[in-house]
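Topology and contacts: notes
Take a look at the letters that make up each chain.
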Amino acid sequence: MSEELRSLLWTGSSLRVLDQLRLPFETEWLECTSYRDVYRVIKNMNTRGAPAIGVAAAYGMALAAREALSVAEPEQFVRDAATHLKNARPTAVNLSWAVDRCLADGAPSLGRDARSTADELAAFAGRLAQEDEDQNLALSRYGARLFEDGDSILTICNTGALATYRYGTAFGSINEAFKQGRKIQVIALETRPYLQGARLTALELVTAGIPFHLVTDGMAGFVMSHGMVTKVIVGADRIASNGDFANKIGTYQLAVLAKYHGLPFYAAAPFSSFDFSIASGLEIAVEQRDEDEVLSFAGKRIAALGARAYNPSFDVTPNELLSGIVTERGVFTPPFVSWEKR
Ligand code: MRU
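Everything numeric here is computed off the predicted structure, so don't read it as measured data.

Here's the deal with helix α7 (residues 196-208)
- The largest bend in α7 is about 25°, located at Ala202.
- The element α7 is largely enclosed, with a buried count of 10 among its 13 residues.
- All of the buried residues in α7 are Gln196, Gly197, Arg199, Leu200, Thr201, Ala202, Leu203, Glu204, Leu205 and Ala208.
- Each element contacted by the buried residues of α7 is listed here: α6 (170-179), β5 (185-189), β6 (212-215) and β9 (245-248).
- Positioned one or two residues after α7, Gly209 has a phi angle of 75°, which is positive.

Structure, rendered in structure tokens:
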């Protein structure tokens, strides 16, 4: 079962992070004992996926509060750690959401009692992890209702247990439908350049026993136009008030293709991925990553020497291309107006 794959484990004094750069062939856990270690594993994408980096950052705050016990200005140390952690990656809102919640709700003793702050933040990070697990399970149960016998579901990137604290979002919905006995199959995009689809989603699909085919990103139009896809579901890194959302690069073209072919297109994300402070997707910062990720493959240069690359890690899909957004509070359908209050 895919639930057996875990992304993060808190030991009580350190955060163990499954090194997703080594999957699927090597299972190695990295030990984070400081908030700077957590910053590094998020920035370098040893761990990734919007909810997972939110939970990891919360544990980073817990580590920072413990480190603060041996510095002269503990409160300032924790606040600096928060700023640092939030800068690790810009697009997924879960990161700043989790860090801000740690400061706002998770550390009542901050500025008064460093020992209590450390205990409070460790406990609070555990609560956020549990919340993520509960929300993803609820979301997956709603998402599973979208699928019926015979569905062939196309997805991109990795949105399973590896991308969250547990269960996953878009993948969680597929997995839940399969566990409930629906006869479904999956078409997974490999998701260049990090290959979340080929390396991670394929691993989760194999582990869960769900029938699937892996295709390269450029094959999406072919499989849709040949009747090989009945529905599309993807994750989200930041959803604006109007329903525009950022997700892994390649998502927008899938939404356009799905519209052209008359296929339902869903995003799935917990409310921790919503950013009601922005009106539309125009305000979402898209992370640009190193061009080397495109110029190379598995550590080996593939592009002609002298070639330059462009490497936006996410794109933004306009809300009008969405059939619905699956959340832990149910499936929201257009129009996405004042829907956060529903
Ligand atoms: O760059 P990544 O691997 O962190 O991007 C992940 C995605 O785009 C996912 O679709 C998204 O975070 C949702 S994960 C449940």
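Side note on the sheet that holds β9
- The 4 strands are arranged β11-β8-β9-β14 in an open sheet whose pairing can be described as mixed. Across the chains shown, the open sheet's two edge strands, defined by having one partner strand only, are β11 (274-275) and β14 (314-317).
- As defined by bridge partners, strand β8 (residues 238-240) adjoins β9 across 2 bridges and the pair is classed as antiparallel. When the bridges of β9 are listed, Arg238 appears paired with Ala246.
- Helix-sheet contacts for helix α9 (residues 251-260) involve β9 and β14, and the interaxial angle to β14 is about 35°.

Things to note about the side chain of Thr327
- Take Thr327: it is sitting in strand β15 (residues 324-327).
- Among the polar contacts made by the side chain of Thr327, one reaches the main-chain amide nitrogen of Arg329 at a distance of 2.9 Å.
- A distance of 2.9 Å separates the side chain of Thr327 from the backbone oxygen of Gly330, its partner in a polar contact.
- Residues in contact with Thr327, not counting those within four places in the same chain, are Leu139, Tyr142, Ala269, Phe271, Phe274 and Phe332.

Examining the site of the ligand
- Surveying the vicinity of the ligand reveals 19 residues, the closest of which are Arg48, Gln196, Asp237, Asn247 and Lys248.
- Within the complex, the protein chains bury 99% of what would otherwise be the 410 Å² of accessible surface of the ligand.
- Among the cavities detected, the one that contains the ligand is the largest cavity.
- Listed by contribution, the elements that provide at least two residues to the shell around the ligand are α2 (50-67) and β9.
- Among the residues making up the shell around the ligand, the classes are represented as 7 nonpolar, 8 polar and 4 charged.
- When residues are assigned to domains, the shell around the ligand turns out to be shared by domain 1 (8-137) and domain 2 (146-341), each giving three or more.

Criteria and cut-off values
Residues numbered from 1 in each chain as written. Predicted model: local features only at pLDDT ≥ 70, side-chain atom pairs only at ≥ 80, totals over all residues. Heavy atoms only, no water. Bend = angle between axes of the 7 residues up to and from the residue. Helix = DSSP H or I, 4+ residues; strand = E, 2+ residues; numbered from the N terminus. Buried < 20%, exposed > 50% of the residue type's maximum accessible area, 1.4 Å probe, protein only. Contact = heavy atoms within 4.5 Å. Pairing = 2+ DSSP bridges. Axes fitted to C-alpha atoms, helices over the stretch in contact; angles between N-to-C directions. Polar contact = N/O pair within 3.5 Å; in protein donor to acceptor, adjacent residues only side chain to side chain. Near = heavy atom within 4 Å. Areas by Shrake-Rupley, 256 points an atom, 1.4 Å probe, with all protein chains shown as cover. 1 Å grid on protein atoms, 1.4 Å probe; cavity = no way out; pocket = protein on both sides within 12 Å on 5 of 7 lines; lining within 4 Å. Sits in = over half its atoms within 2 Å of the grid points. Nonpolar A, V, L, I, M, F, W, Y, C, P; charged D, E, K, R; others polar. Domains from an automatic or database assignment.

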